[in-house]
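# Inside the fold
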Amino acid sequence: MMGKSHLVISTGVTLSAMSLLGLQITIPAVAVAVVSSLLPDIDEPNSMLVRTAVPESLLRILQVSLIGAAIYLYFAGIAEPPWNIALALLVGSVSFLPSRRLRHLVMLLIALALFAFADAYDPWNYIAACVLVVASVVPHRGITHTLYAVAGWGALLYFVSPGMEDGGSLWIAGSLSYGLHLLADSLTQRGITPLPPIPVKLRLKLMSTGTKKGSAVEKVCVMLTLALAVYVFVLV
Ligand SMILES: [Zn+2]
């Protein structure tokens, strides 16, 4: 399923459900719902969340500055030859890493920085840092599409948000939106394995990516979500 569909369906249904349950819909709750709708796909090579967090332009700037740093290290005389060459090659070679690797490196560095200044924007920095670390180390299509991940994400939000005035509904927004992403994925050809190592696969095969029927089902889901949102927020 497309990232945009996940964004609309998970966020739309989550906020509608919260409104129906009488929960307060705050800006942090909306933000958490939006991030959670895309979070399970963070281990995809072209994850929408990762591409938004670390845009291509930032990677290009990083590459150029690494090459610049390599040239500087070679000429600056900080290390004696041949160590200046070794140092320059080491720094320069990082800039030739494939985009995905480079992104992960940037994410880890940002996570380290967030942990270092952890008290400044409590609890958002902890949440962001944990997400970045997980995103840069999890294997492709691994643990993110399981119920363990829903529980882990919900627990993280639950335990870090009491410090906030209106943090009460954050974990509900997050786990609901995340769970709806998995539910939507279980309708696809690819399906999900919710509780590994138990070899049970949820796969309704209602939509296979790239087919006409698949995109039709996807569109219907998006339309139903919008209808629900209009019903809840405009008519009720
Ligand atoms: Zn997914």
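That block above? That's the structure.
Per chain, residues are indexed from 1 in the order of the written sequence. pLDDT decides what is reported in this predicted model: residues at 70 or higher carry local features, side-chain atom pairs at 80 or more are listed and counted, and totals for whole chains, interfaces and linings draw on all residues regardless. Side-chain metrics in this entry use all non-hydrogen atoms of the structure; hydrogen atoms and water are not considered.

## A few points about the overall build of the protein
Applicable threshold: Here a strand is any run of E in DSSP of at least two residues, a helix any run of H or I of at least four, and the numbering for each starts at the N terminus. For each residue, the accessible area found with a 1.4 Å probe, counting protein chains only, is set against the maximum for its type, and the residue is called buried under 20%, exposed over 50%, and partly exposed in between. Throughout, a contact is declared for two residues whenever any of their heavy atoms are within 4.5 Å. Computed by Shrake-Rupley with a 1.4 Å probe, the accessible areas treat only the displayed protein chains as cover when residues are assessed. All tallies of charge rest on Lys and Arg as positive and Asp and Glu as negative; His and the ends of each chain are not included. Lysine's charge is taken at NZ, arginine's at CZ, aspartate's at CG and glutamate's at CD.
Helix and strand counts for the protein come out as ten helices and zero strands. For the protein, the α and β elements follow one another from N to C terminus as α-α-α-α-α-α-α-α-α-α. When each of the 236 residues of the protein is scored for burial, the buried share is 40%. Sequence-distant contacts, at least 24 apart, represent 63% of the contacts inside the protein between residues at least 6 apart. When the accessible surface of the protein is totalled, it reaches about 13,300 Å², and 73% of it is carbon and sulfur. Computing the positive centroid from 14 side-chain charges and the negative centroid from 11, the protein places the two 18 Å apart.

## Details of the packing of helix 4 (residues 56–75) against helix 5 (residues 83–94)
The following threshold applies: In this description, a line fitted to the C-alpha atoms serves as the axis of each element, helices being fitted only across the stretch in contact, and the angle between N-to-C directions of two axes falls anywhere from 0 to 180 degrees. If an angle is under 35 degrees, it is roughly parallel; if it is over 145, roughly antiparallel; if it lies from 65 to 115, roughly perpendicular; otherwise it is oblique. Note that Gly is not counted as nonpolar here; it falls among the polar residues with everything else outside the nonpolar set of Ala, Val, Leu, Ile, Met, Phe, Trp, Tyr, Cys and Pro and the charged set of Asp, Glu, Lys and Arg.
Look at helix 4 against helix 5: their axes get within 8 Å of each other, and the N-to-C directions meet at 180 degrees. One finds that helix 4 runs roughly antiparallel with respect to helix 5. Each of L66, A69, A70, L73 and Y74 in helix 4 lies in contact with helix 5, whose residues at this interface are N84, I85, L87, A88, V91, G92 and V94. Of the residues assigned to the contact of helix 4 with helix 5, the class counts are ten nonpolar, two polar and no charged.

## Notes on the nonpolar core
Formally: To qualify as a nonpolar core, a set must consist of buried Ala, Val, Leu, Ile, Met, Phe, Trp, Tyr and Cys residues joined through side-chain atoms within 4.5 Å.
One finds L39, I42, M107, W153 and Y178 to be the most contacted residues of the largest nonpolar core, which totals 31 residues. Every element with two or more residues in this core is listed here: helix 1 (3–20), helix 2 (27–38), helix 3 (48–53), helix 6 (99–116), helix 7 (124–137), helix 8 (147–160) and helix 9 (170–185). Excluding residues that lie within four positions of it along the chain, I42 makes contacts with S47, L49, V50, V131, A135 and T144. Core analysis: the second largest hydrophobic core is formed by seven residues, I9, M207, V217 and V222 among them.

## Some details on the coordination of the zinc ion
Put simply, the rule is: Counted as donors are the N, O and S atoms within 2.8 Å of the metal, or 3.2 Å for Na, K and Ca, while water is not among the atoms, so some sites may look incomplete. Every angle between 85 and 135 degrees makes a four-donor site tetrahedral, while opposite donors more than 155 degrees apart, with all other angles between 65 and 115, make a four-donor site square planar and a six-donor site octahedral; other sites are irregular.
In the first shell of the zinc ion, the protein supplies D41 (OD), H145 (NE2), H181 (NE2) and D185 (OD), at 2.0 to 2.2 Å from the metal. Coordination at the zinc ion is irregular, judged from the four donor atoms that bind it and the angles of 84 to 167 degrees they form at the metal. Written as a sequence motif, the donor arrangement for the zinc ion is D-x103-H-x35-H-x3-D. Here D185 and H181 lie together in helix 9, a separation of four residues that amounts to about one turn.

## Focus on a nonpolar patch on the surface
Cut-off, in case you're wondering: Patch rule: a residue counts if its relative accessible area is over 30% and it has no salt bridge; like charges are joined within 9 Å, and nonpolar side chains (Val, Leu, Ile, Met, Phe, Trp, Tyr) within 5 Å. Here, a salt bridge means any Lys or Arg side-chain nitrogen found within 4 Å of an Asp or Glu carboxyl oxygen.
Judged by side-chain polarity, L20, I25, L228, V230, Y231, F233, V234, L235 and V236 come together as a nonpolar surface patch covering roughly 870 Å² of accessible area. Top contributing element to the nonpolar patch by residue count: helix 10 (residues 212–235), with six residues. As for its position among the elements, I25 is in the loop between helix 1 and helix 2. The exposure class of I25 is partly exposed, given its relative accessible area of 32%.

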